[in-house]
Amino acid sequence: MLLTLGISLHNFPEGIATYVTASQDLELGLGIALAVALHNIPEGLAVAGPVYAATGSRGRALLWSGLSGCAEIAGGVLAWLVLGTLISPMVMAAIMAAVAGIMVALSVDELMPLAKEIDPVNNPSYGVLCGMATMGLSLTLLQLSDMG
């Protein structure tokens, strides 16, 4: 159940970021929503697998997986209720920075120690650093191509 909480904490700010982006640029927001939806498939499996293994109940596995996914919708709805259409570039930048900080904190504080506990031989830092480098490179390429 702790894994479900961790993934829910990860999904909640994703919903906020998706709403904020879509409110400024609908086409970009839809692209981000699609990317997030695809990335949520393995997250749902990451929740459902351990719950099913621990309980043997497909229903519980589906329930907890669905609840963690609903955190993203809740984040988007909360952002809509609180911010509405009052999103300026400064507010958008602050929200994106906060979401990025939450994601990094969850990775460093929760996921990396868990990965090290599960597999003490391998170092999860390499994967985190490669992921950050890939994201940085892709954002740079988007900016250079005038798409971003």
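Everything discussed here concerns the structure shown above.
Below is a summary of the structure that appears in this document. (Residues numbered from 1 in each chain as written. Predicted model: local features only at pLDDT ≥ 70, side-chain atom pairs only at ≥ 80, totals over all residues. Heavy atoms only, no water.)

Moving on: the overall build of the protein chain. Within the protein chain, the secondary structure is distributed over 5 helices and 0 strands. Taken along the three principal axes of its C-alpha coordinates, the protein chain extends 45 × 35 × 20 Å. The contacts of the protein chain with a sequence gap of at least 6 include a subset with a gap of at least 24, amounting to 69%. In the structure as shown, the protein chain presents an accessible area of about 9,700 Å², 75% of it carried by carbon and sulfur atoms. (Helix = DSSP H or I, 4+ residues; strand = E, 2+ residues; numbered from the N terminus. Contact = heavy atoms within 4.5 Å. Areas by Shrake-Rupley, 256 points an atom, 1.4 Å probe, with all protein chains shown as cover.)

Let us look at the packing of helix α2 (residues 26–55) against helix α3 (residues 58–83). The N-to-C vectors of α2 and α3 enclose an angle of 145°; their axes lie 8 Å apart at closest approach. In this structure, α2 meets α3 at a crossing whose hand is right-handed. On α3, the residues that touch Val36, Asn40, Gly44, Val47, Ala48, Val51, Tyr52 and Thr55 of α2 are Arg58, Arg60, Ala61, Trp64, Ser65, Ser68 and Glu72. Taken together, the residues that form the contact of α2 with α3 break down as 7 nonpolar, 5 polar and 3 charged. (Axes fitted to C-alpha atoms, helices over the stretch in contact; angles between N-to-C directions. Left-handed = near helix turned anticlockwise from the far one by under 90°. Nonpolar A, V, L, I, M, F, W, Y, C, P; charged D, E, K, R; others polar.)

Across soluble globular proteins, nonpolar side chains have a tendency to be buried as a group. With 11 residues, the main nonpolar core is built from Ile16, Ala17, Tyr19, Val20, Ala79, Leu83, Ile87, Met92, Ile95, Val99 and Met103. If you list the elements that add at least two residues to this core, you get α1 (2–24), α3 and α4 (89–118). In contact with isoleucine 87, other than residues within four places in its own chain, are Tyr19, Val20, Ser23, Gln24 and Met92. (Core = buried A, V, L, I, M, F, W, Y, C linked by side-chain atoms within 4.5 Å. Buried < 20%, exposed > 50% of the residue type's maximum accessible area, 1.4 Å probe, protein only.)

This brings us to α4. Under the 1.5 Å per step criterion, the end-to-end length of α4 is 41 Å for 30 residues, consistent within 8% with the ideal 44 Å. Along α4, the sharpest kink reaches roughly 35°, centred on serine 107. Here α4 has its buried residues at Met92, Ile95, Val99, Met103, Leu106 and Met112. (Expected span 1.5 Å × (residues − 1). Bend = angle between axes of the 7 residues up to and from the residue.)

This brings us to the environment of methionine 103. The topology assignment puts methionine 103 in helix α4. Overall, methionine 103 belongs to the buried group, its relative accessible area being 18%. C-alpha of methionine 103 to C-alpha of alanine 48: the two residues are 55 residues apart in sequence and 21 Å apart in space. In this structure, methionine 103 is in contact with His10, Pro13 and Glu14, ignoring residues within four places of it in sequence.

On the surface, Phe12, Ile73, Val77, Leu78, Trp80, Leu81 and Val82 cluster together to form a nonpolar patch covering roughly 700 Å² of accessible area. By residue number, the principal contributor to the nonpolar patch is α3, which donates 6 residues. Its location among the elements puts valine 82 in helix α3. (Patch = residues over 30% accessible without salt bridge, like charges linked within 9 Å, V, L, I, M, F, W, Y side chains within 5 Å. Salt bridge = Lys/Arg side-chain N within 4 Å of Asp/Glu carboxyl O.)

Geometric values such as these leave the question of function open.
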